[in-house]
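Tertiary structure, described
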Amino acid sequence: MKHTDERSRPAPALPTREPVRLVDRHGRRVGHSSFTAPDPARLVELHRAMLIGRRFNQQAGTLARQGRLAVYPSSTGQEAAQVGGVLALSDQDWLFPTYRDSVALVAHGVDPVRTLTLFRGDWHCGYDPHRYRCAPQCTPLATNASHAVGLTYAARRKGRDVAALAMMGDGATSEGDAHEAYNFAAVWNTPVVFLVQNNHWAISVPLRQQTAAPTLAHKAVGYGMKGYHVDGNDAAAVYAVVSHALAEARAGGGPAIVEAVTYRVDPHTNADAPQRYRDPAEVEHWKERDPLIRSERLIREECLLGDTEETERALAAFGAEADGIADTVRERLAGQDELDPRSLFTDVYAAVPPLLEQEREALADELREV
Amino acid sequence: MAAAPTPGVSMGEALNRALHDAIEHDPDVLVYGEDVGPLGGVFRVTDGLIGAFGQERVFDSPLAESGIVGTAIGMAMYGLRPVVELQFDAFAYPAFEQVVSHLAKMRNRTRGAVSLPVVLRVPYGGGIGGVEHHSDSSEAYYAHTPGLRVVTPGTPADAYSMLREAVECDDPVVFLEPKRRYWSRQEVDLPVRTEPMATPVVRRPGTDATLVTYGPMVETALEAAETAAAEGRSLEVVDLRQLAPLDDGVVTASVRRTGRAVVVHEASVFGGYGAELAARIGERCFHYLEAPVLRVGGLDIPYPPPKLEHHYLPDASRVLAAVDRLQWESAWVEDGEGGRIRP
């Protein structure tokens, strides 16, 4: 009897222990044997998007402190991982983000105010996923990953060249759903890049208590996938590696895990107390590796925006644009949308069933009595 | 399929034909799960489909229920209509988070922008001599989750019609197949369309009491009604078909006519789906009731091993024993003017 062990893909190489880095923390280029940094225009675009993301995080944090958002999970410090991953997507590709990936959504083109609908508490998701090619921000951990696998599978069946970026954190890699999604993607060979933002803390639990793997990228090997270990505070490196992984996946080379090593500078959410579980010196260590500092230094060092004067003008303009977006978010959130309680019943089923019709009537009666 | 050796169509054959016709009818329909390909499913419900349509439309997935449901969600987001098999009731539990947190809620989360026309086929219930984890009645878990349609056929004709309707439905449908009825036969010409699945059906009219039931217990209730009729008692049998969202109009009308009700299901009674039915009947029929609404179901224990499962499973005699407890000595008397009073 013939054995049907027909796996043809060669065993992937182990990811490097040293993360791929193309720009160091001083803004100087680092040579790499496999990856090259994107062109100057793209490097500038990455910086601009990170700047917008940083201001967006700050604004949302302020709004949360003021009680105008129910909660906000900041991704300050992780802008390079989110922006670098998202800008590598093509126009037809889909994003499957988590609750901490608001900056990724903004970089992907989702209306910044609509990304905050979830945290403001107006609704669970404030945008049309089809319009933005962006799934609702996922709050359960790792459950979005298999959706990305299914969507790219369906797109391929329909003859469309669609890849997906499925985002998750280091804690999410411990969930069973991460395993199932990795495995399905590899077996079905669907073009998904799983971008793991290793920000070192799953709320209060450090990475060493999360995994015994040498890197999270190593997990890929067991699935027959490629795993990439990249400096997640180096936008150029994240962009280069995710672009490469997406291209390979599209070409039939299989999905991949990209572990972006970064750090959550802020608390888990505005309700968290990080002083109970981590050393402030650690935070300082990572602040010195801030992704924005290094990309700004690179731009200045290499005159990517022209001479000194032109560069300062352009950087100031980016800052003003980011401030403007943040201001607009604040102003638009100040106007309270009228929420219609009767709408609670409309999108539970394709049509409102009799039972919900009765409850809608009962609620309408309550409203009339008030 | 080859001509059936015995008359009629079995529920398993009807389901198979429904899948066949659904795949043929709509290019976006695909069937996958564990062992649904060359094996044809452990109950052979997908028998021959891979041969007829190829592995682009019918295929075996890795062994992982959460992954199966999660990928089906993604497929449906991009316009496919996946029909997935979860093989056994208790095997579906690893997928529960995907079902509850995403499948049931995606339409609501996205304010109707994303609908998920996914069918989860779950062979459920006992009576086939299965060992542990192969005989659970898990309907209450699903029915308690808004956003899901939970349906279960009681006859081969309904099995065909409701599965076709489930595949065409834009809501996610948990399609519970009463596995011990896979071999029950009925004279029916397929394809057939029965009443819409959201509507309960009176399977047998009666005047003295209503048996409200569904899925595997439809046959049992009909058997009980047959026996009761021979003893001079007329029982109405209502087959719910769709458990959630529930349209209880037919149930209410029936119980108001008969004045007595027994809810019959196979699942454990405590906190079960029958509790919901009994409560609703109580709320809506209180002044018509001659007796408390009784529940007949499985025992409140983990599903027993196969050699003891007949003690767990409700049968016609357990149903009839409950009917006998319906306070047939009426507390009401005619008032002589067409109404009723308590003496």
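Everything that follows concerns the structure shown earlier in this document.
Quick look at the structure, then. Sequence positions are assigned chain by chain, starting from 1 and proceeding in written order. Whichever chain is written first is A, and whichever ligand is written first is 1; the rest continue in order. Note on the predicted model: pLDDT of at least 70 is required for a residue's local features to be given, and 80 or more for side-chain atom pairs to be given and counted; whole-chain, interface and lining totals, by contrast, use all residues. Values reported for side chains reflect all heavy atoms of the structure, with hydrogen atoms and water molecules removed beforehand.

1. Points about the overall build of chain B
Secondary structure counts use DSSP, requiring at least four H or I residues in a row for a helix and at least two E residues in a row for a strand, with both numbered from the N terminus. In terms of regular secondary structure, chain B is built from 12 helices and 16 strands. Taken along its principal axes, the extent of the C-alpha atoms in chain B is 70 × 50 × 40 Å. For each residue, the accessible area found with a 1.4 Å probe, counting protein chains only, is set against the maximum for its type, and the residue is called buried under 20%, exposed over 50%, and partly exposed in between. Of all 343 residues assigned to chain B, the portion counted as buried reaches 60%. Contacts are residue-level and defined by heavy atoms, with any inter-residue pair within 4.5 Å sufficient. Long-range contacts, defined as pairs at least 24 residues apart, comprise 80% of the intrachain contacts of chain B with a sequence gap of at least 6. Each accessible area is a Shrake-Rupley estimate made with a 1.4 Å probe; only the visible protein chains count as cover when residues are assessed. Entry remark: accessible area of chain B is about 13100 Å², with carbon and sulfur atoms responsible for 53%. The distance from the centre of the 31 positive side-chain charges to the centre of the 47 negative ones in chain B is 3 Å. Note that His is not counted, nor are the chain ends; the positive residues are Lys and Arg, and the negative ones are Asp and Glu. Charged groups are reduced to one reference atom each: NZ for lysine, CZ for arginine, CG for aspartic acid, CD for glutamic acid.

2. A look at the sheet that holds strand 9 (residues 201-204) of chain B
Residues and elements named next belong to chain B. With mixed pairing, the five strands of this open sheet are ordered in space as 9-11-10-13-14. The sheet is open, and its two edges are formed by strand 9 and strand 14 (294-298), each paired on a single side. Neighbour to neighbour, the strand axes of the sheet diverge by 30 degrees on average, direction disregarded. Note on pairing: two strands pair once DSSP finds at least 2 bridges between them. In the sheet, strand 13 (residues 261-268) pairs with strand 14 via four bridges, with the strands oriented parallel. Interaxial angle, 0 to 180 degrees, is taken between N-to-C directions of lines fitted to C-alpha atoms, where a helix line uses only the stretch in contact.

3. Some thoughts on the nonpolar core
To form a nonpolar core, buried Ala, Val, Leu, Ile, Met, Phe, Trp, Tyr and Cys residues must be joined to one another through side-chain atoms within 4.5 Å. Membership of the largest hydrophobic core comes to 80 residues, with the highest contact counts inside it found for A:Phe194, B:Met77, B:Leu120 and B:Ile281. Residues in contact with B:Met77, not counting those within four places in the same chain, are A:Trp94, A:Phe96, A:His130, A:Ala135, A:Leu151, B:Met106, B:Val114 and B:Leu116.

4. Some remarks on the side chain of A:Ser75
Residue and element names in this part refer to chain A. Mapped onto the secondary structure, serine 75 falls in the loop between helix 1 (40-65) and helix 2 (79-86). For serine 75, the side chain forms a polar contact with the side chain of asparagine 57, separated by 3.0 Å. With sequence-adjacent residues up to four places away left out, serine 75 is seen in contact with Asn57, Gln82, Arg100 and Val103. Pairs of N or O atoms are called polar contacts if they sit within 3.5 Å, as long as, within protein, a hydrogen donor faces a hydrogen acceptor (for residues adjacent in sequence, only side-chain-to-side-chain pairs).

5. Re the packing of aromatic side chains
Only Phe, Tyr and Trp rings are paired, with Trp represented by its six-membered ring, and only when their centres lie within 6.5 Å; those with planes under 30 degrees apart are stacked, over 60 edge-to-face, the remainder tilted. For the coordinates displayed, the defined rule picks out 25 aromatic pairs over all chains. Here the aromatic rings of A:Phe35 and A:Tyr228 are separated by 6.1 Å at their centres, their planes lie at 80 degrees, and the arrangement is edge-to-face. One end of the pair, A:Phe35, is in the segment before helix 1; the other, A:Tyr228, is in strand 6 (residues 226-231), with 193 residues separating them in the sequence. Across this residue pair, the class does not change: A:Phe35 and A:Tyr228 are buried. Here the aromatic cluster, defined as three or more aromatic residues joined through ring pairs, consists of A:Tyr153, A:Phe184, A:Trp188, B:Tyr32 and B:Phe59. The rule for a charge over a ring is simple: NZ of Lys or CZ of Arg within 6 Å of the ring centre, and within 35 degrees of the ring normal. Here B:Arg111 stacks its cationic end above the ring of A:Trp123, 3.9 Å away from the centre of that ring.

6. Topic: the interface of chain A and chain B
Listed as interface residues are 42 residues of chain A and, on the opposing side, 48 residues of chain B. Note on terms: buried area is the combined drop in 1.4 Å-probe accessible area of two parts once they are placed together, counting the loss on both. Together chain A and chain B conceal approximately 3800 Å² of surface at their shared face, both sides included; 60% is due to carbon and sulfur atoms. The largest per-residue losses of area from chain A upon contact with chain B belong to A:Arg157, A:Asp347 and A:Tyr349, which jointly make up 18% of the total buried on that side. Salt bridges are counted wherever a side-chain nitrogen of Lys or Arg sits within 4 Å of a carboxyl oxygen of Asp or Glu. On inspection of chain A and its partner chain B, the count reaches one salt bridge. With its nearest N and O atoms 3.0 Å apart, the salt bridge here joins A:Lys158 to B:Asp28. The interface formed by chain A and chain B holds 20 residue pairs in polar contact (both at pLDDT 80 or more) in total. Of all the secondary structure elements, the ones that give two or more residues to the side of chain A that touches chain B are strand 1 (94-96), helix 6 (129-132), helix 7 (145-157), helix 8 (176-188) and helix 14 (354-369) of chain A. In terms of residue count, the dominant contributor to the side of chain A that touches chain B is helix 7 of chain A (nine residues). Under this grouping Gly is polar, as are all residues other than the nonpolar Ala, Val, Leu, Ile, Met, Phe, Trp, Tyr, Cys and Pro and the charged Asp, Glu, Lys and Arg. Here the side of chain A that touches chain B is built from residues that sort into 25 nonpolar, 10 polar and seven charged.

7. Quick notes on the pattern of salt bridges
All names here are of chain A. On inspection of all chains with the given rule, the structure shows 49 salt bridges over all chains. Here aspartate 231 ties to arginine 294 by a salt bridge, and the two come within 3.0 Å at their closest N and O atoms. With aspartate 231 in strand 6 and arginine 294 in helix 12 (residues 291-301), this residue pair connects regions lying 63 residues apart in the sequence. Like aspartate 231, the residue arginine 294 is buried in the burial classification. Between glutamate 284 and lysine 287 there is a salt bridge, and its shortest N-O distance comes to 4.0 Å. One end of the pair is glutamate 284 and the other is lysine 287, both in helix 11 (residues 280-287) and three residues apart, which spans about a single turn. The class for glutamate 284 is partly exposed, based on a relative accessible area of 44%.

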